[in-house]
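Summary of structural features
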Amino acid sequence: MKNIIKSIWYEIVHRKTLLIIFGAFVLIMVGSGFSATADATYGFQMGGVSDMLAAHPWMPYELSLIFLAIFVGNVCCEDYKDKVINYEILCGHSRRSIFLARSLMAIGIGTLLTLLLSFLPLITGYALAGWGDRLSLGDILLRYFLLGLPYLRLAAFLAVLSFLCKSPYAMIAVGIVLSLSVEIFADMFQHSRSVFVSLFNLLLLTEYEGWSSYNLDPAIGVIRYYAYDSSIPQGVVSGTIIASLLMTGFYLFMGYALFRRDELN
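Every value quoted in this text rests on a predicted model; they were computed, and no experiment measured them. (Residues numbered from 1 in each chain as written. Predicted model: local features only at pLDDT ≥ 70, side-chain atom pairs only at ≥ 80, totals over all residues. Heavy atoms only, no water.)

Our focus in this paragraph is the overall build of the chain. Regarding its fold elements, the chain presents twelve helices and two strands. Listed N to C, the secondary structure of the chain is α-α-α-α-α-α-α-α-α-α-α-β-β-α in terms of helices and strands. Burial analysis of the chain (265 residues in total) assigns 46% to the buried set. Relative to all contacts within the chain whose residues are 6 or more apart in sequence, the contacts with residues 24 or more apart total 77%. (Helix = DSSP H or I, 4+ residues; strand = E, 2+ residues; numbered from the N terminus. Buried < 20%, exposed > 50% of the residue type's maximum accessible area, 1.4 Å probe, protein only. Contact = heavy atoms within 4.5 Å.)

Below you can see the structure in the form of structure tokens.
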């Protein structure tokens with residue numbers, strides 16, 4: 001299994017495709033934080049980067065999900081094109097070691113890199129405009145670190161899809177669909193969200209209870225005031241941990257059960 005992991009690392013470093021893609025997403029996420037901070041319509045002159053996170057809760061993960069699907073798809077099924085997996089079996093590697101090496105690497109490294117991307121708009125905005133007082137920094141950091149658990153579960157699910165479709169290009173399409181589905185699910189299922197669904201779990205971790213009021217100014221017109229509660233319910237924390245661990249284990253079990261019976265054509 002160690003030799004397979006080393007060979008995957010070698011391919012990643014020497015092909016440089018994933019490195020270039022990750023660099024591009026880094027620039028995109030940094031740019032999104034920069035542009036949002038510089039845009040007066042977000043109100044950062046008054047509230048800092050916390051205004052951005054409150055007004056656009058999907059910013060940390062909407063594009064990051066595309067990278068996660070690309071990374072998992074590339075690690076898990078890139079070698080189907082040139083039959084490298086077949087050669088590994090002929091060299092004496094068991095199917096379990098092949099599956100675990102690819103899936104665990106894709107899930108673990110993909111989750112860490114995706115979590116890093118999610119933090120970049122926050123870091124960029126904080127460096128340029130400060131934090132503000134709209135949300136609690138401690139609460140947001142806890143919420144953002146917890147994002148790694150739904151990413152872990154989603155990466156495991158994507159690994160199963162990768163071994164089924166055997167095409168890294170199909171996984172790009174899956175990532176785009178996931179990214180586009182975030183806002184759709186946010187509107188359609190506002191009152192029926194379960195932590196056992198990864199996208200719902202992401203929404204629960206990044207949306208905040210809030211209320212607003214307004215005042216009338218003779219010169220300016222309507223002035224709106226917003227207030228948010230960024231504290232995270234204990235049930236969401238425990239539910240995120242339990243659901244993520246259970247579903248990740250389930251997806252790994254299902255993925256291996258399918259890969260073990262795959263004819264690898």
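Turning our eyes to something else, we now look at the packing of aromatic side chains. Scanning the model with the defined rule gives eleven aromatic pairs in all. With a centroid separation of 5.4 Å and 50° between ring planes, the pair formed by Phe22 and Phe67 is classed as tilted. Linking Phe22 in helix H2 (residues 17-38) with Phe67 in helix H5 (residues 64-77), this pair joins segments that are 45 residues apart in sequence. The same class applies to Phe22 as to Phe67, namely buried. Clustering of aromatic rings is evident, with ring pairs tying together Phe22, Phe25, Phe67 and Phe71. (Phe/Tyr/Trp six-rings, centres within 6.5 Å; stacked < 30°, edge-to-face > 60°.)

Mean pLDDT over the chain: 82, with 78% of residues reaching 70 or higher. Segment residues 40-46 is flagged for pLDDT under 50; beyond a separation of four residues in sequence, or across chains, it makes twelve contacts in the model. (pLDDT = per-residue confidence, 0-100.)

Among the nonpolar cores identified, the biggest contains 64 residues, and Leu53, Leu65, Val72, Ile140, Tyr144 and Leu158 are the most heavily contacted of them. Looking at which element gives the most residues to this core, the answer is helix H7 (residues 95-129), with eleven residues. Other than its neighbours up to four places away in sequence, Ile140 contacts Leu53, Leu122, Trp131, Leu135, Tyr208 and Ser230. (Core = buried A, V, L, I, M, F, W, Y, C linked by side-chain atoms within 4.5 Å.)

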